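Read off the chains here:
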Amino acid sequence: MSASIETEARSADLIRRAEGLFPGGVNSPVRAFRSVGRPPLFLERGRGPHVWDADGNRYICYIGSWGPAILGHADPTTIEALHRTLDNGLALGATNPLEIELGEAIRAAMPSMERLRFTSSGTEAVMSALRLARAATGRDLILKFAGGYHGHADHLLVEAGSGIATHAIPGSAGVPASVAGLTIVVPYNDPEAVEAAFRAHPARIAAVIVEPVAANVGVIAPAPGFLELLRSATAADGALLVFDEVITGFRVGRGGAQARFGVTPDLTTLGKIIGGGMPIGAYGGRADLMALVAPSGPVYQAGTLSGHPLSMAAGITTLAALTADRYEALETTAATLERGLVDAARTAERPIAIARVGSLLTVFFLERPPLNAAEALAADRAAFGTFFGAMLDGGVLLPPSPFEAWFVSMAHGPEEIAETIAAATTALGR
Ligand code: HOZ
């Protein structure tokens, strides 16, 4: 576990060079460790539940590639499928049979995706789904929830979560007011606010987009009846309901949040797990809506690397491994971790709140789990920073933010969970 002076120098050199190259030293803001007051980690290798940094230190990993690594890192079957696919070349610029195989596997798990299209990222999937919603309804307004993160398209960076919440950025510079003005933001889990928005803008809202389990301001479960209310309010007004399942798809169950909570959206966006760790996104839904997408219809959307064979191969292999009994075991693993953290907090007499839906979990330094972003953002950031550092010193790598989900994987076994709980007991005791 302990790094030699020589290897630590390697990390220091990488930090210096990265800071001279990339804004903030990173290629995505969530990878910076600023909000936890630590130098950034350079991860070089992952296997199963573990990752190794550039200095050779090993950690139990709960970043999980920010969601895709549900099987753990470097799942051997996935790696083998990638090698095999690679032998046939890379993107070939026409439809590859693998696209059909993955598309069918997704639709079988999520029947609401009657037709779908692959993109290269979740951001692209959401942009495309909302363009389609606007075209289908002939309306411009989008309703989203405070703290909801749907990628970095202009009109969705309004009161967004993820890196925006972590780094306390008020909203992104560079987004024209006229664009941001097309986005209505209301609190998550607040049915009255949703109804009031529809009353204020009758027949003007194209779509409500929601993470059915909020997972970018920390994990927040939908209150009973909330998703149902979104379904009925959108239907009553003629707006579309879009579930952003980039994180929850194949994570909170094979059928995603829509199956877990029994609410069917008009459109769904996916990413992360369906690519098994390779770049991917997908959007899809009702066949009549998807028929509007070019070349069937007038809504243009395209991508040179969409449906990339490596992404398809990794996705196919990953989805094939996600059997019902493995989800059951994952639920048990995550519940054991949750119970252990609750006990650790009790022993340390620390008031923390743990929110968990399936294998998504957040430790909030709050008295009780939040219901919305405003409550989540009141969490004690400094306390989380101290906790994060102590966990890292104890060999456990958490997402470096109080407002991100921990991703428990199917590779986390009893040993890793016990080690994590032991580290938390020490960390909370400090
Ligand atoms: N959506 C991911 C977690 N909130 C982060 C991906 C990224 O921004 O790098």
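Details of the structure are given in the entry above.
As the structure is a computational prediction, the values presented were derived from the model and not from experiment. (Residues numbered from 1 in each chain as written. Predicted model: local features only at pLDDT ≥ 70, side-chain atom pairs only at ≥ 80, totals over all residues. Heavy atoms only, no water.)

Draft legend 1. Here's a closer look at the sheet that holds strand 9 (residues 267-271). The mixed open sheet is built from seven strands, whose spatial order is 4-10-9-8-7-5-6. Each edge of the open sheet carries a strand with a single partner, namely strand 4 (115-119) and strand 6 (183-186). Across the sheet, the axes of successive neighbouring strands diverge by a mean angle of 20°, strand direction being ignored. For strand 5 (residues 141-145) and strand 6, the ladder comprises four bridges, and the chain directions are parallel. Counterpart to Phe 145 in the pairing with strand 6 is Val 186. Taken strand by strand, helix 7 (residues 191-200) contacts strand 5, strand 6 and strand 7 (205-210), and its axis lies near 150° from that of strand 6. (Pairing = 2+ DSSP bridges. Helix = DSSP H or I, 4+ residues; strand = E, 2+ residues; numbered from the N terminus. Axes fitted to C-alpha atoms, helices over the stretch in contact; angles between N-to-C directions. Contact = heavy atoms within 4.5 Å.)

Draft legend 2. Fine view of the pairing of strand 12 (residues 360-364). The element strand 12 is largely enclosed, with a buried count of five among its five residues. As paired strands, strand 11 (residues 353-357) and strand 12 are joined by five bridges and run antiparallel to one another. The partner of Ala 353 across the bridge, within strand 12, is Phe 364. Taken together, strand 11 and the strand that follows it, strand 12, pair antiparallel across an intervening segment of two residues, in which Gly 358 is found at a positive phi of about 60°. (Buried < 20%, exposed > 50% of the residue type's maximum accessible area, 1.4 Å probe, protein only.)

Draft legend 3. Structural context of the side chain of Gln 301. Within the secondary structure, Gln 301 is located in the loop between helix 10 (287-290) and helix 11 (309-321). At a separation of 2.7 Å, a polar atom in the side chain of Gln 301 contacts the side chain of Tyr 283. What Gln 301 contacts, discounting residues up to four positions off in sequence, is Arg 117, Phe 118, Thr 119, Ser 128, Arg 131, Tyr 283 and Val 293. (Polar contact = N/O pair within 3.5 Å; in protein donor to acceptor, adjacent residues only side chain to side chain.)

Draft legend 4. Representation of the sheet that holds strand 12 in the model. In space, the three strands of this open sheet follow the order 11-12-14, with antiparallel pairing throughout. Each end of this open sheet is capped by a strand with a single partner; those strands are strand 11 and strand 14 (406-407). Of the pairings in the sheet, the one linking strand 12 to strand 14 comprises two bridges and is antiparallel in character. Pairing of Leu 360 across the sheet is with Phe 407, part of strand 14.

Draft legend 5. Spatial organisation of helix 15 (residues 414-429). For helix 15, with 16 residues, the first-to-last C-alpha span of 22 Å sits near the 22 Å given by 1.5 Å per residue. Residues of helix 15 that are buried in the fold lie against strand 2 (50-53), strand 3 (58-61), helix 12 (324-348), helix 14 (381-393) and strand 13 (396-397). (Expected span 1.5 Å × (residues − 1).)

Draft legend 6. The arrangement of the layout of surface pockets in detail. Here the second largest pocket is characterised by a volume of approximately 540 Å³. What lines the second largest pocket is a set of 25 residues, and nearest its centre among them are Thr 95, Glu 99, Arg 117, Ser 306 and Gly 307. Mapped by element, the contributors of at least two residues to the lining of the second largest pocket are helix 3 (97-109) and strand 4. Classifying every residue of the lining of the second largest pocket by side-chain character gives 13 nonpolar, ten polar and two charged. (1 Å grid on protein atoms, 1.4 Å probe; cavity = no way out; pocket = protein on both sides within 12 Å on 5 of 7 lines; lining within 4 Å. Points joined across faces, edges and corners; volume = space filled by probe spheres on them. Nonpolar A, V, L, I, M, F, W, Y, C, P; charged D, E, K, R; others polar.)

Draft legend 7. Region of interest: the site of the ligand. Residues in contact with the ligand, as listed here, are Ser 28, Val 30, Trp 66, Ser 162, Asn 216, Lys 272 and Glu 404. With respect to the ligand, the side chain of Ser 162 contributes an N or O atom lying 2.8 Å from a nitrogen atom. Between a nitrogen atom of the ligand and a side-chain N or O atom of Glu 404, the distance comes to 2.7 Å. Relative to its unbound accessible surface of 290 Å², the ligand loses 84% to contact with the protein. Of the residues contributing to the shell around the ligand, the split by class is two nonpolar, three polar and two charged. (Near = heavy atom within 4 Å. Areas by Shrake-Rupley, 256 points an atom, 1.4 Å probe, with all protein chains shown as cover.)

Draft legend 8. The pattern of salt bridges, seen in detail. Within the structure shown, the criterion is met by 14 salt bridges. Here Arg 346 ties to Asp 343 by a salt bridge, and the two come within 3.2 Å at their closest N and O atoms. Of this pair, Arg 346 and Asp 343 are both found in helix 12, three residues apart, which corresponds to roughly one turn of the helix. Relative accessible area serves as the criterion here: at 41%, Asp 343 is assigned to the partly exposed category. Overlapping salt bridges, with partners in common, bring together Arg 231, Asp 266, Arg 286 and Asp 288 in one network. (Salt bridge = Lys/Arg side-chain N within 4 Å of Asp/Glu carboxyl O.)

Draft legend 9. A look at the packing of helix 12 against helix 15. Contact pair helix 12 / helix 15: the axes reach a minimum separation of 9 Å and the direction vectors enclose 25°. Here helix 15 runs roughly parallel to helix 12, going by the angle between their axes. Here the hand of the crossing between helix 12 and helix 15 comes out right-handed. Across from Thr 333, Thr 336, Leu 337, Gly 340, Leu 341, Ala 344, Ala 345 and Ala 348 in helix 12, the residues of helix 15 making contact are Ile 417, Thr 420, Ile 421, Ala 424, Thr 425, Leu 428 and Gly 429. Looking at the contact of helix 12 with helix 15 residue by residue, the class counts come to nine nonpolar, six polar and no charged. (Parallel < 35°, antiparallel > 145°, perpendicular 65-115°, else oblique. Left-handed = near helix turned anticlockwise from the far one by under 90°.)

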